[in-house]
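Here is how the chains run, residue by residue.
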Amino acid sequence: MTVKIIGTGRGIPENIVSNDDLAKIMDTSDEWIHSRTGIHNRHMVKEEGTTALAVTASKNAMKKAGISPEEIDLIIVGTVSGDMCFPSTACQVQAAIGAVNAVAYDISAGCSGFIFALNAAYGYIMSGMAKCALIIGAETLSKMVDWNDRSTCVLFGDGAGAAIVKGVESEGGVLAVAQHSDGAGGDVLTGKNRNVRNPLIDNKEEVFYLEMEGQEVFKFAVKMVPKCIQEVLEKAGKTLDEVDLFVLHQANCRIIESVSKRLKVPMEKFPMNIENFGNTSAASIPILLDELNESGKIKEGDTIVFSGFGAGLTWGATLVQW
Ligand code: COA
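Residues numbered from 1 in each chain as written. Predicted model: local features only at pLDDT ≥ 70, side-chain atom pairs only at ≥ 80, totals over all residues. Heavy atoms only, no water.

Draft legend 1. Region of the structure containing the site of the ligand. Of all residues adjacent to the ligand, which total 23 residues, the nearest are Thr-28, Arg-150, Gly-214, Gln-215 and Asn-252. Between an oxygen atom of the ligand and a side-chain N or O atom of Gln-215, the distance comes to 2.8 Å. Between Asn-252 and the ligand, the recorded distance is 2.4 Å, taken from a side-chain N or O atom to an oxygen atom. In the complex, 72% of the free accessible area of the ligand, which totals 970 Å², lies under the protein chains. Sorting the residues of the shell around the ligand by element identifies helix H2 (30–37), helix H6 (150–153), helix H7 (214–236), helix H8 (253–263) and strand E12 (303–310) as the ones contributing at least two each. With four residues, H7 is the single largest residue contributor to the shell around the ligand. (Near = heavy atom within 4 Å. Polar contact = N/O pair within 3.5 Å; in protein donor to acceptor, adjacent residues only side chain to side chain. Areas by Shrake-Rupley, 256 points an atom, 1.4 Å probe, with all protein chains shown as cover. Helix = DSSP H or I, 4+ residues; strand = E, 2+ residues; numbered from the N terminus.)

Here's what the structure looks like:
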């Protein structure tokens, strides 16, 4: 048996906010943002939340996979920006789509959330604990960034992507997985929005935002992502030449260019959509995957490396034969 992605979908907010729009409300420019990150536009929610985007992505993925909600027995959502602390986004999605036979929970692994969800679903299915999983990366980071901090707020966007992952009797599918965490390095990217608030202390209504030491995160990503890609290939006995596509977390085009250079793999093999979405954290890989799938850029038999990295610190990769 192997584990295959049999359907993908995305849920994208309608509203587009361009760099020029941001330049009207803060001291920035399209030139600064685009030259450092590759971003021109990002989508942003107005009324809908993380769950609504996740539900749209899930329904689209189920439709493409041709499965009913009752067939899903596992739902995992990678998110750091759920609408509520609890119930989990996954349980909310379960209710909305009627996946009555599923166990559902969230994973908090920052921008690696979708990869960790995919790898977890792989483990569940291979061990016999599940047969058909819905995995989702969904975020509304626009509510977590500090809109007075131009060095971070311009980088992020909202969105969701989903995939149906199923155990099937065939060749290919997930060939190998790799994943890592470094909690000691976690201070460079934080969202401390749950401060102590109880009768024992003087309650100060402090508000915390997403905070990032951009250059440290950059250095971490360009060092660990190539290593992790090599690791997952070694596990499967494959070489870089055998990979058709590298679908990386869309944090910054310069990070992706640096990974391409370090691996000595041409940029043509690294598809990007960051220009239109910004960094949608756990949602970026499944949104890009759905676009590639929909446009026919992924063909049966293609060898694909997915790799994510982010808060935790966390990073991981999944090697798939489509
Ligand atoms: N518009 C205009 N100027 C800006 C700006 C903005 N939006 N944000 C910061 N600046 C200014 C700074 O104030 C600084 O000015 P100064 O030199 O006068 O102090 C200057 O631009 C350079 O800032 P710096 O932070 O050194 O820029 P940088 O070249 O490191 O680029 C990032 C910043 C965030 C784009 C870059 O560090 C990065 O991409 N890091 C990775 C972040 C990431 O991908 N995180 C998610 C991982 S999951």
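Draft legend 2. The arrangement of the pattern of salt bridges in detail. Scanning the entire structure with this criterion turns up ten salt bridges. With its nearest N and O atoms 3.2 Å apart, the salt bridge here joins Glu-294 to Arg-10. Taken together, the positions of Glu-294 in helix H10 (residues 284–294) and Arg-10 in strand E1 (residues 2–11) put the pair 284 residues apart, joining distant regions of the chain. Looking at Arg-10, the relative accessible area reads 21%, which means it is partly exposed. Three or more residues are tied together by salt bridges with common partners; here these are Arg-10, Lys-64, Asp-290 and Glu-294. (Salt bridge = Lys/Arg side-chain N within 4 Å of Asp/Glu carboxyl O. Buried < 20%, exposed > 50% of the residue type's maximum accessible area, 1.4 Å probe, protein only.)

Draft legend 3. Focus on helix H3 (residues 50–65). End to end, H3 covers 22 Å across 16 residues, agreeing with the expected 22 Å (1.5 Å per residue, within 8%). Summarising the contacts, the buried residues of H3 are in contact with E1, helix H4 (89–97), strand E6 (132–140) and strand E7 (158–168). (Expected span 1.5 Å × (residues − 1). Contact = heavy atoms within 4.5 Å.)

Draft legend 4. Quick peek at the environment of Glu-205. Relative to the assigned elements, Glu-205 resides in the loop between strand E9 (189–191) and strand E10 (210–212). Residues Glu-205 and Thr-314, spaced 109 residues apart in sequence, show a C-alpha to C-alpha distance of 30 Å.

Note that every value here comes from positions in space, so none of it alone points to a role or purpose.
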